[in-house]
Amino acid sequence: MDIRASLSDGFEEYGVDTTPAVLDKCLDICAQYGVDAQEVVETWMAFSVSNNHHEVTLEALGQMERKEFAKRSSRDVPTPKGPSKQTAKSSVVVYNASKDPIMEDNILSAYCTTPKRNRVEKRSAECHTPEDYGVKRQTTAGRSPRMTFSPASFSPTVSTPSSNYSTRTNAGQTVAEWGSLPPGATWAARSSIPDLKVCNFSGHGQAPLSTDVRYLYERLTTKACVLNDVVEWLGKEICLRHNLDEPDHLKKLHPERFVGIGHVCCDANGKLNHTAVLLEGARGHPSFGISVPLKLASVPSYALFPGQVVAVEGTNPTGEVLVAEKVYCDAALPLPSTPLRLSTANGPLHVVVASGPFTQSDTMTYQPLEDLIMYVQQHQPHILILIGPFLDALHPQVTAGLLAQSFTEIFENIVDTLMRTLAGCHTEVILVPSSRDVHHQPVYPTPPYVLRKSYPRLHLLPDPALLDINGIVFGITATDVLKHITREEVVNPPQAPDRLGRCVSHLINQRSMYPLYPPPEDFNVDMEMWDDHTHLPVTPHVLVLPSDLRYFLKNINGSFVVNPDRLAKGSAGGTFARLSIKPVLEEDRSIAKSICAQVVRI
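Computed from a predicted model, the values in this text were never measured in an experiment.

1. Describing the overall build of the protein chain
On a plain count of helices and strands, the protein chain comes out with 15 helices and 22 strands. Within the protein chain, the fraction of its 602 residues that count as buried is 52%. For the protein chain, long-range pairs separated by at least 24 residues make up 73% of all intrachain contacts whose partners lie at least 6 apart in sequence. Of the roughly 27100 Å² that the protein chain leaves accessible, carbon and sulfur atoms contribute 51%.

Spelled out as structure tokens, the structure:
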């Protein structure tokens, strides 16, 4: 694939529209600075979020070139300019940059003083967000539509609400669809389901991850044992599934075809490529931890990534290089056998899924989250799944230290406002944490959120989580595993279609919610917890995989896969997903044919 096509595909995966002139400029950057298409695309995505560029233009690319490529050695760290202001509605105080010596001396006043009403509050109250859901908002007389879930009551406002979000015209637009509702049906739940039961799926026999877990106390020998056990266990499962011969030593002289098992590694500290693939065997019999270069020229098609457990049929004529002829990686499990507890009398199960960030990069007003909750109030789905981060560690106003309350207090205020607003609904609310939550544990797997106050119909899950809703098994993660794998994957042929579907199949085939190893350097993984809480005991009916990559709805090996994208993308609004799941026949384990789903712009 040439560089221009790679650039076009890369931008398309992130949902960014390009023009020929923009691609020409990107080609110039690649040639001038010796970078590949993927680095240019990823640099643009980071630059656009930091600088509030909603569209890729020649002028914006010129700014990115000067800041990110031409001056990489002397990159400036942006600092907030001017005094910070706050609204009277906000219960979160923002540090005031006033030069008044009295205010500077009295530090406690920054935490305790109630700000007076000012013009910023008036402007904020007038910035109503457009809506197009086909249902009018129901409000009581004399009450503002935003008073039921006021973002200013729990979020700091350094500036006015995002103009890009407030002036959008595509709210409520359906951007992806799977199936269609029956005639006369709507996305509003007719009534509650009396016997609706939400619980952790217990098929794996392992207790869910607890909040008081100790993490990153592991030794190198412990990590090695975990990886070794996975190679032995999963490698044998792959051999049994494909009726392969007993695996043999990888570096033993094999002029005839034999079978070897191991996990894929890179022969250097860099990105995996076709000529740098190693196969590392288990420490026990028969390979004793030996690694061998893997020659893939004779394999017509493959998709490999570091950490992937495979079985290889091939020869080793010299005892030094394994010449592969076939590569097997499929160890997918069947769908759950438990009966689904849905009846036609109660109607379909309605589920809404949204993933953070829940506020734009240029403000902390949480307008997208507010609009989502107003949608939930109007349609009252049976299940609402909210996936972190709620308070993103990468948000510019968080990294700049502009918040005067603790991160935990801000998060608890968000949850409290959320649950009080939905108190009159029958919706079950499910919160899944992210390792990017600045107030939470920065480790994967991530323990559930901790709240000092309990709420009815609120369920706190870890990341990843297996959830059982009346027999329907949901696999949910907040980690962008699809993006992590696409960065490391090596594929032949390079033009192989459906890249996103292929990455999802890796999770199902490897029986893991995170099969990549080693993980990115900025992603903390506890290998003992990974071994206990990321393996799949079954293939879930529904997989929820939020990603920065383009939203999608797919049927992969009988599992219905949803990428709702982010509720807020940069300074603009994002998308969320809604599902309507009808009852299915008992003999039909897959529910993909019984699902109607849409990805909708907030």
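Alright, that's what it looks like, and here's the rest.
2. Looking at unusual backbone geometry
Only a minority of non-glycine residues have a phi that is not negative, and only a minority of peptide bonds are not trans. Along the chain, glycine 356 connects to proline 357 via a cis peptide bond; the corresponding omega equals 10°. Tracing the sequence through the fold places proline 357 in the loop between β9 (349–355) and α10 (367–379). Residue proline 445 is bonded to the preceding tyrosine 444 through a cis peptide linkage, with omega at -10°. Looking at the secondary structure, you find proline 445 in the loop between β11 (428–432) and β12 (458–460). Although it is not a glycine, leucine 216 sits at a positive phi angle of roughly 60°. Topologically, leucine 216 is positioned in the loop between β2 (198–200) and α9 (220–241).

3. Remarks on the side chain of glutamine 367
Checked against the element boundaries, glutamine 367 lands in helix α10. A polar atom in the side chain of glutamine 367 sits 3.1 Å from the side chain of glutamine 360.

4. As for the sheet that holds strand β13 (residues 465–469)
Strand order in the open sheet formed by six strands is β2-β13-β14-β16-β18-β17, and the pairing between neighbours is mixed. Each edge of the sheet is formed by a strand with only one pairing partner; in this case those strands are β2 and β17 (552–556). Taking the axes of each pair of neighbouring strands and ignoring which way they run, one obtains an average angle of 25° across the sheet. Where strand β14 (residues 472–476) meets strand β16 (residues 542–544), three bridges bridge the pair, whose relative direction is parallel. The residue bridging phenylalanine 474 from the neighbouring strand is valine 542, located in β16. Across the sheet, helix α14 (residues 499–509) touches β16, β17 and β18 (559–563), and the angle it forms with β17 is around 50°.

5. A few points about the pairing of β14
Burial runs high along β14: five of the five residues are buried. Here β14 shows no split at all, with Ile472, Phe474 and Ile476 on one side and Val473 and Gly475 on the other all buried. As defined by bridge partners, β13 adjoins β14 across five bridges and the pair is classed as antiparallel. The residue of β14 that forms the bridge with alanine 465 is isoleucine 476. The hairpin turn running from β13 into β14, its antiparallel successor, is two residues long, and asparagine 470 in that turn takes a positive phi close to 50°.

6. Some words on the sheet that holds strand β3 (residues 254–266)
The mixed closed barrel is built from five strands, whose spatial order is β3-β4-β5-β8-β7. Neighbour to neighbour, the strand axes of the sheet diverge by 55° on average, direction disregarded. As judged from the four bridges shared by β3 and strand β4 (residues 277–280), these two strands associate in the antiparallel manner. Within β4, the position partnered with cysteine 265 by the bridge is leucine 278.

7. Some thoughts on the nonpolar core
Core analysis: the largest hydrophobic core is formed by 65 residues, its most contacted members being Leu7, Val40, Trp44, Leu482, Val504, Trp530 and Leu545. Among the elements that line this core, the one with the most residues is α9, at seven residues. Beyond its immediate chain neighbours, meaning those up to four positions away, tryptophan 530 contacts Val226, Val230, Tyr444, Pro445, Ser512, Tyr514, Val525 and His535. Counting residues in hydrophobic clusters, the runner-up holds 37 residues, among them Leu386, Phe390, Leu403 and Tyr449.

8. Examining the packing of helix α1 (residues 3–13) against helix α3 (residues 37–51)
As a packed pair, α1 and α3 sit with axes 9 Å apart at the nearest point and diverge in direction by 30°. For the crossing formed where α1 meets α3, the hand is right-handed. For the pair α1 and α3, contact is made by Ile3, Ser6, Leu7, Gly10 and Phe11 and by Ala37, Val40, Val41 and Trp44, respectively. Here the residues of the contact of α1 with α3 sort into seven nonpolar, two polar and no charged.

Quick notes on the rules
One numbering rule holds for all chains: residues counted from 1, following each sequence as written. Totals for whole chains, interfaces and linings use all residues, but because this is a predicted model, local features are given only for residues with pLDDT of at least 70 and pairs of side-chain atoms are given and counted only at 80 or more. Each side-chain value is derived from all of the structure's non-hydrogen atoms; neither hydrogens nor water enter the calculation. Numbering of helices and strands runs from the N terminus, with a helix taken as a DSSP run of H or I at least four residues long and a strand as a DSSP run of E at least two residues long. For each residue, the accessible area found with a 1.4 Å probe, counting protein chains only, is set against the maximum for its type, and the residue is called buried under 20%, exposed over 50%, and partly exposed in between. Two residues qualify as a contact provided that any one of their heavy atoms is within 4.5 Å of a heavy atom in the partner residue. Note on areas: Shrake-Rupley with a 1.4 Å probe; residue coverage comes only from the protein chains shown. Polar contact criterion, stated in full: a pair of N or O atoms within 3.5 Å, where within protein one must be able to donate a hydrogen and the other to accept it, and residues adjacent in sequence count only if both atoms are side-chain atoms. Paired strands, as defined in this entry, are two strands with at least two bridges between them according to DSSP. Working convention: axes come from line fits to C-alpha atoms, limited for helices to the stretch in contact. Angles between N-to-C directions cover 0 to 180 degrees. Side-chain atoms within 4.5 Å link the members of a nonpolar core, which is a set of buried Ala, Val, Leu, Ile, Met, Phe, Trp, Tyr and Cys residues. Two helices that cross are described as forming a left-handed crossing if the nearer one is turned anticlockwise from the farther one by less than a right angle, and a right-handed crossing if clockwise. Three categories are distinguished: nonpolar for Ala, Val, Leu, Ile, Met, Phe, Trp, Tyr, Cys and Pro, charged for Asp, Glu, Lys and Arg, and polar for the others, with Gly belonging to the last.

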